[in-house]
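# Chains, contacts and geometry: an overview
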Amino acid sequence: MSRMNAKMNSLICLIAIASQLPHTTDGFALGSGSGNGKSAPTTAATSSSAAIAVSPQSNVASASLSSSALSMGFLDDLFPSASSSSKKKSYPTVTIPSDFTIPEPRPLTLTRTSDLPSVLKSSAALAVRLATSCFVLGWNIDTFFADENEEGYYLAIGPFRIKDSSSVLADAPRPEIPLILYEYDASPFCKRVREMTNVLDLTVEYRPCPGARQGKFSEELYQLTGRRTVPYLVDPNTGISMFESDDQIEYLVETYGPRDGSTYDSKALWPITFQAFSIVTSTIAAIVRDMPGSKRQLNARVDNEDMRPLELWGYEASPFVKPVREKLCSLALPHVMVSCARGSANRDRLIERTGNKFQVPFLVDPNTGIELFESPEICEYLEKVYTVE
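Residues numbered from 1 in each chain as written. Predicted model: local features only at pLDDT ≥ 70, side-chain atom pairs only at ≥ 80, totals over all residues. Heavy atoms only, no water.

## Description of the overall build of the protein
Short version of the rule: Secondary structure elements are defined from DSSP: runs of H or I of at least 4 residues count as helices, runs of E of at least 2 residues count as strands, and each element is numbered from the N terminus. Each residue is assigned to one of three classes by its accessible area relative to the maximum for its type, calculated with a 1.4 Å probe on protein chains only: buried under 20%, partly exposed between the two thresholds, exposed over 50%. Note on contacts: a residue pair is in contact if any heavy atoms of the two residues lie within 4.5 Å. Here, Shrake-Rupley sampling with a 1.4 Å probe gives the accessible areas, and only protein chains in the shown set may cover a residue.
Helix and strand counts for the protein stand at 11 helices and 14 strands. A burial count over the protein gives 57% of its 389 residues as buried. In the protein, of all internal contacts separated by at least 6 residues, the share reaching a separation of at least 24 is 71%. Accessible area of the protein: about 16400 Å², with a carbon and sulfur share of 55%.

## Remarks on the packing of helix α3 (residues 116-128) against helix α8 (residues 275-288)
Defined as follows: Note on geometry: axes are C-alpha line fits, over the in-contact stretch for helices, and angles between N-to-C directions span 0 to 180 degrees. Here roughly perpendicular refers to angles of 65 to 115 degrees, roughly parallel to angles under 35, roughly antiparallel to angles over 145, and oblique to all remaining angles. Amino acid classes used here: Ala, Val, Leu, Ile, Met, Phe, Trp, Tyr, Cys and Pro are nonpolar; Asp, Glu, Lys and Arg are charged; the rest, including Gly, are polar.
Here α3 crosses α8 at 170 degrees, and the two axes come no closer than 9 Å. Classified by the angle their axes make, α3 and α8 are roughly antiparallel. In contact with Lys-121, Ala-124, Ala-125 and Val-128 of α3, α8 contributes Phe-277, Thr-281, Ile-284, Ala-285 and Val-288. A breakdown of the residues in the contact of α3 with α8 according to their chemical character gives 7 nonpolar, 1 polar and 1 charged.

## What about the packing of aromatic side chains?
Heads up, the condition is: Side-chain rings of Phe, Tyr and Trp (the six-membered ring for Trp) are treated as a pair once their centres are within 6.5 Å; stacked means planes under 30 degrees apart, edge-to-face means over 60, and tilted covers the remaining angles. Charge-over-ring contacts are defined here by two conditions on Lys NZ or Arg CZ: a distance within 6 Å of the ring centre and an angle within 35 degrees of the ring normal.
A complete count under the given rule lists 9 aromatic pairs for this structure. Aromatic side chains Tyr-182 and Tyr-232 sit 6.1 Å apart centroid to centroid with 50 degrees between the ring planes, which places their arrangement in the tilted category. Placement of Tyr-182 in strand β7 (residues 179-183) and of Tyr-232 in strand β9 (residues 232-235) is noted, with a sequence separation of 50 residues between them. As far as the burial class goes, Tyr-182 and Tyr-232 line up, both buried. Aromatic rings pair up to connect Phe-144, Phe-145 and Phe-160 into one cluster. Over the face of the ring belonging to Phe-243 we find Arg-227, whose NZ or CZ atom lies 3.9 Å from the ring centre.

## Points about the state of the cysteines
Counted only if it meets this: The disulfide criterion is simple: two cysteine sulfur atoms within 2.5 Å.
Applying the stated criterion to the full structure yields 0 disulfides. Cys-190 takes part in no disulfide bond, and the closest cysteine sulfur, belonging to Cys-209, lies 8.2 Å away.

## Here we look at the sheet that holds strand β4 (residues 139-143)
Our working definition: Note on pairing: two strands pair once DSSP finds at least 2 bridges between them.
Pairing is antiparallel in the open sheet, where 3 strands are placed in the order β4-β6-β5. If you trace the sheet from one side to the other, it starts and ends with β4 and β5 (155-157), each paired once. Across the sheet, the mean angle separating the axes of adjacent strands is 40 degrees when strand polarity is ignored. Where β4 meets strand β6 (residues 160-166), 4 bridges bridge the pair, whose relative direction is antiparallel. Its bridge partner being in β6, Trp-139 is matched across the sheet by Ser-166.

## Quick look at helix α9 (residues 322-330)
Buried residues dominate α9, accounting for 9 of its 9 residues. Among the residues of α9, those classed as buried are Lys-322, Pro-323, Val-324, Arg-325, Glu-326, Lys-327, Leu-328, Cys-329 and Ser-330. Just past α9, the residue Ala-332 takes up positive phi, approximately 60 degrees.

## Observations regarding the pairing of strand β12 (residues 335-339)
Each regular strand carries side chains that alternate between the two faces of the sheet. Condition: The definition of a right-handed crossover adopted here requires that, viewed with the strands pointing away, the path from the first strand over the helix to the second runs clockwise.
Within β12, 5 of the 5 residues are buried, which leaves the element mostly enclosed by the surrounding structure. The two faces of β12 match: His-335, Met-337 and Ser-339 on one face and Val-336 and Val-338 on the other face are all buried. As paired strands, strand β8 (residues 203-208) and β12 are joined by 4 bridges and run antiparallel to one another. Bridge pairing in β12 places Glu-205 opposite Val-336. Pairing between strand β11 (residues 310-314) and β12: 5 bridges, direction parallel. Pairing of Gly-314 across the sheet is with Ser-339, part of β12. The parallel pair β11 and β12 is bridged by α9, and the resulting crossover is right-handed.

## Focus: the packing of helix α4 (residues 188-199) against helix α6 (residues 245-256)
Remark: α4 packs on α6, axes separated minimally by 9 Å, with the N-to-C direction vectors making an angle of 5 degrees. In terms of orientation, α4 and α6 fall into the roughly parallel class. In this structure, α4 contributes Phe-189, Arg-192, Val-193, Met-196 and Thr-197 to the contact, and α6 contributes Ser-245, Asp-246, Gln-248, Ile-249, Leu-252 and Val-253. Of the residues assigned to the contact of α4 with α6, the class counts are 6 nonpolar, 3 polar and 2 charged.

So this is what it looks like as structure tokens:
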């Protein structure tokens, strides 16, 4: 993992102190994902999803999935092997509020003026990160005049019907089972890994560990590895698990990037791979958003981590998806993010799934059977269903 120079280290430390980030080598802080060079202790543990044996010689751990806790609705069709054993596990009972009504989808519309400050903050964070993860790797415009009767996604702007895709990911390897990432929203190290999964158009299960130290997933991570350091990536498709955000980013590109590295310019990834820039700007973005997901919500249900993972269709940089992601993290709810950045093949799949025009966020809750659009209504729904009075 690359090293930052002394001046940049000092700058990041100041930012961390100003934002009241934990500053230890255990849990998030600058030692989390930043290259402290420590290997996880040798551990063999079994959770609801994985048994991981960590090699003392390396940051890379070999993982064998003993069972999958995933039950992902529509994603069961995309990842049938991931859901094959999910029905064997019992889950907490969840009830739908009696006054709940599914909102009508209104694409690219601010449905409530009270949400304007949140959208502006998300947009500012997006600008700080140079719109990283808005586009898949190799994004290109296929045509400005797509047939309006053609199935699939296109963006209509005046007389133009813009259809886009990736020129390099069509033949890239795709995981049969979603990857698993232990993380929390405000961590700049976690953010750069999440952005890379969007750029590579990957589907990932997030297991929130608020502040790196809170919640059952943090405890699960400690039982597996002896550490509470995030991000921690588990790839059940290859049996590989690892700490360190730089190592994870390199692994994702090598494993799920284009087969022929000469088909794209690696410099396109610099907002993520240039560590100093990505850490500083991601920290600023988190401060702008009031350090989301740093604490487990006090009134969150104690059994939230035991729920079936919810499906969230969207992408990291979207100002409308961001509040939903933050709410899921603060409630410590496991969720599968289906990446839908511009050029993503999942945009066509979402249209096929819903029969509507493309819109994110789109939430599927396998615990209640509810499916809905609209960011503020989704956040209200999660608050009503997954908290206690």
